[in-house]
Amino acid sequence: MRQQAAITAKVFIQRDYSSGTMCQFQTKFPSELENRIDKQQFEETVRALNNMYAEAEKLGSQSYIEGCLACLTAYTVFLCMETHYEKVLKKIAKYIQEQNDKIYAPRGLLLTDPIERGLRVVEITIFEDRSLTR
Amino acid sequence: MSAVMITRKVRKWEKLPGKNTFCCDGRVMMARQKGVFYLTLFLITGTCALFFAFECPYLAVHLCPAIPVFAVLLFLFVMAMLLRTSFSDPGVLPRALPEEAANGNVPAGQRPPPRIRNVQINNQIVKLKYCYTCKIFRPPRASHCSICDNCVDRFDHHCPWVGNCVGKRNYRYFYLFTLSLSLLTIYIFTFDIVHVVMRSMNGGFLNTLKETPGTYPLKLSLTVLEVLVCFFTLWSVVGLTGFHTYLISLNQTTNEDIKGSWSGKNRGQNPYSHKNIIKNCCEVLCGPTYPSVLDRRGLLQEDTLISSSNPVPQTTVSAHKHTHALFLIVVSSFRHTDS
C-alpha cells in the first residue's frame, strides 16, 4: 500500500498566462517525469484539464443567462442551485481521480487537484519506484 | 516515555494566515476593522427606517401605494448586495505550501532566482512580481492587500465601507451595491422633496402647523435630516458608481487605474480588454461566478502532543478533507515511539 512508499520529489506544473487570466496550465513536459510516463500521455491529461477549465470560464449565452437570472433574484438563487463553474469543478475532480487510478498510480505518480493549491499549480507527487526494488 | 495525544478536528479557516476575521464557523469572511462597515449599515437602515416611518404613510395615501413597495424592494436589494460584498471571499490566493515555495529557494552561495517573471498576454509584456509574504508569483491582475495581508486575484481596492477587499469574486456585488444605493438615495431624496412640496401645497405652512402643532416640527426636521444625508451620499455614491462604470467598460481595476498601468502611450494597451464596451461589461457583470479556492470549512486534523518530559505541547496539523461537520476531542495515551 502507498503508506510505505516514500516521496522522492514533487513537480509543479505552472499556469500558462499567454491567453490572459483564464485558468490554463503549461503543457511543457517536466524533465523529472521523463522515465516515468509518456510525454504524449502527460500532455493529453493537461490538455483535457485546460479544456475543462476553459469550459467553466467560457463567456457564452449560458453564463450570461445564469448571471442575469442570479442578479434578478439578488443572487439568492445560488442557495439552491449550483453554479456552472462548480459543476465543472466536480467533473474535473472526477477526471483527476480517474486519471490517477488508471494511469498515474500504476506508475508511482499522484496528481493533486489544482483547486487544492488555489488553482496555481498542478502538483505531481513522485513516489519511489517500487518496481525497481522487486 | 509516555505521552498524551489530543486529536482534534479543526476547520481550515482557523489556521488560515492573514488578517481576516471569520464568523458563522467560516461561512463569513471579513477584514479586521469593521467600524466603518457598521456605520454604513447604520446610515442605510437608519435613513430608510425614517423614510418608511414618516414619509411613506403620507405618500402611499396621497400619491401612490406602489412607492413604499418599490422602496422596500430596492432597500432589500441594497442590503443583499452589501452583505454579499462584505461577507464573501474576494478571491484570496492561498499561500504556497513549503514544497511549492522551495522551488524558488536555492542553497546559500548561489544567486537568488529572478523575482520578476515576464509573460506575454495578447502581445503585451506583463511583469509578474514575486510576493514575499505569500511565496508565490502573483498571477496577472492580482495584488497583495496590506490591510488583510493576503494576495487577492483581480484586486480592485480595499473598501472600508464594506469592511472587505473588492476582488474578482465580489466586484460585481460591489458594483451592484453602489448602483442600487445610488438609485435608493435618489429615490428617497426625490420623494422627500415631493413630500415637503405636497405638504406645503395642500394647505400652506401655517395650516399644517395648526393641524399638528406638536409633531409637524419633528417630522419636518427628520425629513430635513434625510434630505441632508441623501444629498451628501448622492455626490459620493453616484460619483463612485460612475467611476466604476467607466472602469468596467474598459475592463480595468481601480488598482491598475491608480498605478497607471495601461494609460499613456508608453505603457501599452490593456491586454485584458475586449476592445468592446458591451463585451467588457458582460464579462465583468455576467461572467462566470468563480468559486472560492480557500477551503474555509474543510477539516484539518490537529494533533497536539503533550509528553511528560516536555511540558510544552507540540502541535502538528495534517490535512484531511471531509465533507461533513465533526468536532471531536479524543484523548488517548500511548507510548511515545520514534516516528
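Rules and cut-offs
- Residues numbered from 1 in each chain as written.
- Chains lettered and ligands numbered in written order.
- Predicted model: local features only at pLDDT ≥ 70, side-chain atom pairs only at ≥ 80, totals over all residues.
- Heavy atoms only, no water.
- Helix = DSSP H or I, 4+ residues; strand = E, 2+ residues; numbered from the N terminus.
- Buried < 20%, exposed > 50% of the residue type's maximum accessible area, 1.4 Å probe, protein only.
- Areas by Shrake-Rupley, 256 points an atom, 1.4 Å probe, with all protein chains shown as cover.
- Contact = heavy atoms within 4.5 Å.
- Buried area = accessible area lost by both parts, 1.4 Å probe.
- Salt bridge = Lys/Arg side-chain N within 4 Å of Asp/Glu carboxyl O.
- Nonpolar A, V, L, I, M, F, W, Y, C, P; charged D, E, K, R; others polar.
- Core = buried A, V, L, I, M, F, W, Y, C linked by side-chain atoms within 4.5 Å.
- Pairing = 2+ DSSP bridges.
- UniProt positions renumbered as here; feature names shortened; annotations may be inferred.
- Axes fitted to C-alpha atoms, helices over the stretch in contact; angles between N-to-C directions.
- Parallel < 35°, antiparallel > 145°, perpendicular 65-115°, else oblique.
- Expected span 1.5 Å × (residues − 1).
- Arc of directions from axis to C-beta.
- Domains from an automatic or database assignment.
- Polar contact = N/O pair within 3.5 Å; in protein donor to acceptor, adjacent residues only side chain to side chain.

### A word on the overall build of chain B
Move 1: Scanning chain B for helices and strands turns up seven helices and 14 strands.
Move 2: Classification of the 339 residues of chain B by burial places 43% in the buried group.
Move 3: Only carbon and sulfur atoms are counted for the fraction: they give 64% of the accessible area of chain B, which is about 17,900 Å².

### Topic: the environment of Ser261 of chain B
Residue and element names in this part refer to chain B.
Move 1: Its place among the elements puts Ser261 in the loop between α6 (254–259) and α7 (277–286).
Move 2: Owing to a relative accessible area of 21%, Ser261 belongs among the partly exposed residues under this scheme.
Move 3: The spatial distance from the C-alpha of Ser261 to the C-alpha of Val126 is 9.9 Å, given a sequence separation of 135 residues.

### Observations regarding the interface of chain A and chain B
Move 1: Contact with chain A, which involves 28 residues of that partner, is made by 37 residues of chain B.
Move 2: Together, the buried faces of chain A and chain B total about 2,700 Å²; carbon and sulfur atoms form 67% of this surface.
Move 3: Contact with chain B buries area across many residues of chain A, yet Tyr17, Tyr75 and Arg120 of chain A alone supply 27% of it, more than any other trio.
Move 4: Our count for the chain A to chain B interface comes out at one salt bridge.
Move 5: Between Lys10 of chain A and Glu99 of chain B there is a salt bridge; the shortest N-O distance is 3.6 Å.
Move 6: Listed by contribution, the elements that provide at least two residues to the side of chain A that touches chain B are β1 (7–13), α2 (61–72) and α3 (84–104) of chain A.
Move 7: If one sorts the elements of the side of chain A that touches chain B by residue count, α2 of chain A sits on top with five residues.
Move 8: Split into classes, the residues belonging to the side of chain A that touches chain B amount to 15 nonpolar, eight polar and five charged.

### Quick notes on the nonpolar core
Move 1: With 42 residues, the main nonpolar core has Ile44 and Phe177 of chain B as its most contacted residues.
Move 2: Broken down by secondary-structure element, the contributors of at least two residues to this core are β3 (28–31), α1 (35–62), α2 (66–87), α4 (171–211) and α5 (215–250) of chain B.
Move 3: When residues of this core are assigned to their parent elements, the largest contribution, twelve residues, is made by α4 of chain B.
Move 4: Setting aside residues no more than four positions away along its own chain, Ile44 of chain B makes contact with Phe75, Val78, Met79, Leu82, Phe177 and Leu181 of chain B.
Move 5: Counting residues in each nonpolar core, the second largest holds 29 residues, with Phe29, Leu49, Tyr85 and Ile126 of chain A among its members.

### Focus: the pairing of β3 of chain B
Residue and element names in this part refer to chain B.
Move 1: On β3, burial covers both faces: Val28 and Met30 on one face and Met29 and Ala31 on the other are all buried.
Move 2: Two strands pair when backbone bridges link them, and strand β2 (residues 20–23) and β3 are joined in this way by four bridges, in the antiparallel orientation. By the bridge assignment for β3, Phe22 is matched with Met29.
Move 3: Taken together, β2 and the strand that follows it, β3, pair antiparallel across an intervening segment of four residues, in which Cys24 is found at a positive phi of about 50 degrees.

### Things to note about the UniProt feature "transmembrane region" (unreviewed entry) in chain B
Move 1: UniProt marks residues 36–54, 60–83, 173–198 and 218–243 of chain B with the feature "transmembrane region" (unreviewed entry), using the numbering shown here.
Move 2: Taken end to end, residues 218–243 of chain B comprises 100% helix and 0% strand; its first and last C-alpha atoms sit 37 Å apart.

### Considerations on the packing of helix α1 (residues 39–56) of chain A against α3 of chain A
Residues and elements named next belong to chain A.
Move 1: Here α1 crosses α3 at 170 degrees, and the two axes come no closer than 9 Å. One element, α1, and the other, α3, form an angle in the roughly antiparallel class. Here Gln41, Phe42, Glu44, Thr45, Ala48, Leu49, Met52, Tyr53, Glu55 and Ala56 of α1 come into contact with α3, specifically with His84, Tyr85, Val88, Leu89, Lys91, Ile92, Tyr95, Ile96, Gln99, Ile103 and Tyr104.

### Looking at α3 of chain A
Three- or four-residue spacings in an α-helix give side chains the same orientation, since the helix completes a turn every 3.6 residues.
Residues and elements named next belong to chain A.
Move 1: Here α3 contains 21 residues, and its C-alpha end-to-end distance of 28 Å stays within 8% of the 30 Å for a straight helix at 1.5 Å per residue.
Move 2: Among all positions in α3, only His84, Tyr85, Val88, Leu89, Ile92, Tyr95, Ile96, Gln99, Asn100, Ile103 and Tyr104 are buried. The buried side chains of α3 occupy one side of the element, clustering within an arc of 140 degrees when seen end-on. Opposite the buried face of α3, by more than 90 degrees, sit the exposed residues Lys90, Lys94, Asp101 and Lys102.
Move 3: Lining the buried residues of α3 we find α1, α2 and β2 (109–112).

### A short note on the UniProt feature "domain: Golgin subfamily A member 7/ERF4" (unreviewed entry) in chain A
Move 1: Residues annotated in UniProt with the feature "domain: Golgin subfamily A member 7/ERF4" (unreviewed entry) correspond here to residues 11–123 of chain A.
Move 2: End C-alpha atoms of residues 11–123 of chain A are separated by 6 Å, and the span's content is 45% helix alongside 8% strand.

### A short note on the domain arrangement of chain B
All names here are of chain B.
Move 1: What the domain assignment reports for chain B is domain 1 (5–90 + 159–300) and domain 2 (98–152).
Move 2: Counting each side, the surface lost to burial between domain 1 and domain 2 is near 1,300 Å², with a carbon and sulfur contribution of 52%.
Move 3: Connecting domain 1 to domain 2 are one salt bridge.
Move 4: Here Arg141 makes a salt bridge to Glu256, at a shortest N to O gap of 3.0 Å.
Move 5: Run the count over domain 1 and domain 2 and you get six residue pairs in polar contact (both at pLDDT 80 or more).
Move 6: With three residues, the single largest contributor to the side of domain 1 that touches domain 2 is α6.

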